[in-house]
Amino acid sequence: MSILLEICCGSIDDAIQAQAGGAQRVELCSALFLGGLTPSLGTIQYAREKLRIPIMAMVRPRGGGFCYTEAEFATMERDAEALVAHGADGLVFGILRPDGSIDQERTRRLRTIAGDNQSVFHRAFDVTPDPFRALDELVDLGMTRILTSGQQDSVPEGADLIRRLIEHAAERIEILPGGGIRPYNLADVIAQTGCRQVHLTAFKTMEDLSTRGRPQVTFGGALYPAEDRFQMTDAALVKEMAEKLR
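Every value quoted in this text rests on a predicted model; they were computed, and no experiment measured them.

> Kindly report on the pattern of salt bridges, identifying the contributing residues and their values.
Under the criterion given, the structure shown has 13 salt bridges. With a shortest N-O distance of 2.5 Å, arginine 25 and glutamate 6 are connected by a salt bridge. With arginine 25 in strand 2 (residues 25–28) and glutamate 6 in strand 1 (residues 4–9), this pair connects stretches of sequence that are 19 residues apart. For glutamate 6, a relative accessible area of 3% puts it in the buried group. Taking the shortest distance from any N to any O, the salt bridge between arginine 133 and glutamate 137 comes out at 3.2 Å. Of the two residues, arginine 133 and glutamate 137 both sit in helix 5 (residues 131–140), 4 residues apart, roughly one turn of that helix. The exposed category is assigned to arginine 133, whose relative accessible area is 57%. Looking at glutamate 137, the relative accessible area reads 12%, which means it is buried.

Written out as C-alpha cells, the structure is:
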C-alpha cells in the first residue's frame, strides 16, 4: 500500500523542491522556527503557478500558543479568505480556548471559509486535554484531517496514541502523523501507527554569502541563528523517502 507523503515547507523554493522530489502534497508556511506561520500571499500565488500537487496553506498569525485575540482572529479570517481565493487547496489552522479545548465556534468559522477545500487542524491538537473528545468535535465540525505527533514531542514517542486515534477515527477523519519523522524511523512509524500518510521536513543547509562582510551583525532574537546559511528542502531526500513509501 502506498503511503502519501506531505512535505512541510517554509518557502516557495521548499515547495518547488518538494514537488521535484516526489511529494504528493505540501503544507506551505512561513517561519518554521516558530512552528509555522501564515505564508505571504505572493508565496501562495507563485506556488499555485509552479505546483501541480495540492497546497495546504497555514493560517496562524503568531507563535506561542493557539488562543487568539479578536484582532488576531479577524486577521486569520481575512488571511484564510485570501489564501483560498489565490489558489490554496486547503487551510491548516488550530484554535483553542484558554483551557486547551477546541474553540468550536472559531474553528467552524474558518472551516466555512475553506468551503469545498480541505481543512486541517494542526498540532494545536497535541495540547488538548482529551484527544478523543477533540477528535469527535473536529469530526462534527467537518474537518478533513488532524495533524498530530500523538501528544508527544515527536511521532515515534506518540505512536501508540496515534494508532488509537486512527482506530477511534474509523475513517470519519484523516489522521496525519507529523513531528520528528526521519528517514531512519519512517518504516517504524508506519508499522507502529498504521498510518496511510506522513508529514515531515526534508532539509539541507544552504549558504547565502551576502552577510559575510559584517558577521557581527544579527537580525534575529536572542538565539542568534547564523546569518550566512538557511535551510531548504532537499529534493533528493524527498525522492528517497517517496521511493520508500511506494
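Past the structure itself, the notes keep going.
> Please set out the sheet that holds strand 4 (residues 90–93) residue by residue, giving values where relevant.
An order of 7-6-5-4-3-2-1-8 is seen for the 8 strands of this open sheet, with the pairing classed as parallel. The outermost strands of the open sheet, each flanked by one partner alone, are strand 7 (174–177) and strand 8 (197–200). Across this sheet, the average inter-strand angle for adjacent strands is 25°, counted without regard to direction. In this structure, strand 2 lies alongside strand 3 (residues 55–58), joined through 3 bridges in parallel fashion. Pairing of leucine 28 across the sheet is with alanine 57, part of strand 3.

So, how was this worked out
Residues numbered from 1 in each chain as written. Predicted model: local features only at pLDDT ≥ 70, side-chain atom pairs only at ≥ 80, totals over all residues. Heavy atoms only, no water. Salt bridge = Lys/Arg side-chain N within 4 Å of Asp/Glu carboxyl O. Helix = DSSP H or I, 4+ residues; strand = E, 2+ residues; numbered from the N terminus. Buried < 20%, exposed > 50% of the residue type's maximum accessible area, 1.4 Å probe, protein only. Pairing = 2+ DSSP bridges. Axes fitted to C-alpha atoms, helices over the stretch in contact; angles between N-to-C directions.

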